[in-house]
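Residue-level listing of the chains:
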Amino acid sequence: MDLSKKNILIVEDDKSLQNQMKTVLKEQGFKVFCVGYAQDAIDFCIKSVVDLIILDLGLPDKNGMVVIEQVRSFNDDIPIIVCSSRSNIENKVMAFETGANDYMVKPINMYELLVRIKNQFRYLAKEERNLFKNGNLTIDFDAKTIFVNGIEVRFTNFEYKIICLLAQNLEKTLTHDYIISHVWGPNGQDQNGLRVFMAGIRKKISKDDRSSRIIRTDIGVGYRMQSVK
């Protein structure tokens, strides 16, 4: 996990705690930004790339819950860890229902905070691995579903295996024999049979010009899926 590319926003009006968090997180390789007001946090998230937010609820201008609400109105994916002196269950429930991912009660143990931050990034990395996107094509490996232009397209079992194999080897030419052995086994289809399945896959994903260029034929060798923006 490359932490040097992760931007963390600390939303905390206690300068001493803010500086303590900043020092510890920078030592771990994170890029750290700090604000002390709710509105500044909202504005920062709109204008800048933020990978995780550490949020106090008792801010000078607004309740920190407003930050959660506003961020969730335009981004569902940024992990938000609340660090607050409010220990009652009502505030915890409200924070989670509003969209917080985690809740810590002050005083904060810095080692525990680091563990919780890394866990949030680990969850995100796992989700990213299980969802493949290329142009207008999306494969949800967990649900075993494929979408073209946001619309689910039905594939046969073997078609699904073929397209997943190509996606997992993006920009690599896979020989006919390689595809056949990985999809059907050593005594599976011949090249003509594979060609029929590829034609079916192309027909289902060729909804527009970008989609039609995703799967390429390397004549006499095999097939590859190319990256399409």
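Residues numbered from 1 in each chain as written. Predicted model: local features only at pLDDT ≥ 70, side-chain atom pairs only at ≥ 80, totals over all residues. Heavy atoms only, no water.

## Concerning the environment of Phe121
Counting through the fold element by element, Phe121 comes out in helix α5 (residues 110–129). The spatial distance from the C-alpha of Phe121 to the C-alpha of Ser16 is 26 Å, given a sequence separation of 105 residues. (Helix = DSSP H or I, 4+ residues; strand = E, 2+ residues; numbered from the N terminus.)

## A few points about the side chain of Asp56
One can find Asp56 in the loop between β3 (52–55) and α3 (64–74). A distance of 3.4 Å separates the side chain of Asp56 from the backbone nitrogen of Gly58, its partner in a polar contact. Leaving out residues up to four positions away in the same chain, Asp56 has contacts with Val11, Glu12, Asp13, Gly64, Cys83, Ser84 and Lys106. (Polar contact = N/O pair within 3.5 Å; in protein donor to acceptor, adjacent residues only side chain to side chain. Contact = heavy atoms within 4.5 Å.)

## Details of the sheet that holds strand β4 (residues 80–84)
The strand order across the open sheet formed by five strands is β2-β1-β3-β4-β5, and the pairing between neighbours is parallel. Across the chains shown, the open sheet's two edge strands, defined by having one partner strand only, are β2 (31–35) and β5 (102–105). Direction aside, neighbouring strands of the sheet carry axes that sit 20° apart on average. Set on the sheet, helix α1 (residues 15–27) makes contact with β1 (7–11), β2, β3 and β4; between it and β2 the angle comes to about 170°. (Pairing = 2+ DSSP bridges. Axes fitted to C-alpha atoms, helices over the stretch in contact; angles between N-to-C directions.)

## Some remarks on the packing of aromatic side chains
How two aromatic rings sit relative to each other is set out by the distance from centre to centre and by the angle between their planes. A complete count under the given rule lists six aromatic pairs for this structure. Both rings, one in Phe158 and one in Phe197, keep their centres 6.1 Å apart while their planes meet at 80°; by these two values the pair is edge-to-face. Taken together, the residues span a long stretch of sequence, with Phe158 in helix α6 (residues 157–167) and Phe197 in helix α8 (residues 191–205) at a distance of 39 residues. For Phe158, a relative accessible area of 30% translates into the label partly exposed. Following the ring pairs from residue to residue traces out a cluster consisting of Phe158, Trp184 and Phe197. (Phe/Tyr/Trp six-rings, centres within 6.5 Å; stacked < 30°, edge-to-face > 60°. Buried < 20%, exposed > 50% of the residue type's maximum accessible area, 1.4 Å probe, protein only.)

## Examining the pairing of strand β12 (residues 222–225)
Examined bridge by bridge, strand β10 (residues 174–175) and β12 share two bridges and lie antiparallel to one another. If you follow Thr175 over to β12, its bridge partner there is Gly222. As paired elements, strand β11 (residues 215–218) and β12 share four bridges and run antiparallel to each other. Bridge pairing in β12 links Asp218 to Gly222. The turn linking β11 back onto β12 is made up of three residues, and Gly220 within it adopts a positive phi angle of 80°.

## Regarding the nonpolar core
Counting residues in hydrophobic clusters, the biggest one holds 28 residues, and the most contacted among them are Leu137, Ile162, Ile163, Leu166 and Ile179. For this core, the secondary structure elements donating two or more residues are β7 (137–140), β8 (145–148), α6, α7 (176–183), α8 and β12. Per-element accounting of this core gives the leading share, seven residues, to α6. Discounting residues that sit within four places of it in the chain, Ile179 has contacts with Ile162, Leu165, Leu166, Leu174, Leu194 and Tyr223. Residues Phe44, Ile53, Leu57 and Ile68 belong to the second largest nonpolar core, which totals 23 residues. (Core = buried A, V, L, I, M, F, W, Y, C linked by side-chain atoms within 4.5 Å.)

## As for the pattern of salt bridges
The tally for this structure, following the rule as stated, stands at seven salt bridges. Across the salt bridge formed by Glu112 and Arg116, the nearest N and O atoms sit 2.6 Å from each other. Here Glu112 pairs with Arg116, and both are found in helix α5, just four residues apart, close to one helical turn. Arg116 gets classed as partly exposed once you look at its relative accessible area, which sits at 22%. Arg224 serves as the salt-bridge partner of Asp218, at 3.5 Å between the closest nitrogen and oxygen. Overlapping salt bridges bring together Glu12, Asp56 and Lys106 as one network. (Salt bridge = Lys/Arg side-chain N within 4 Å of Asp/Glu carboxyl O.)

Such coordinate-based values are descriptive only and should not be taken to indicate function.
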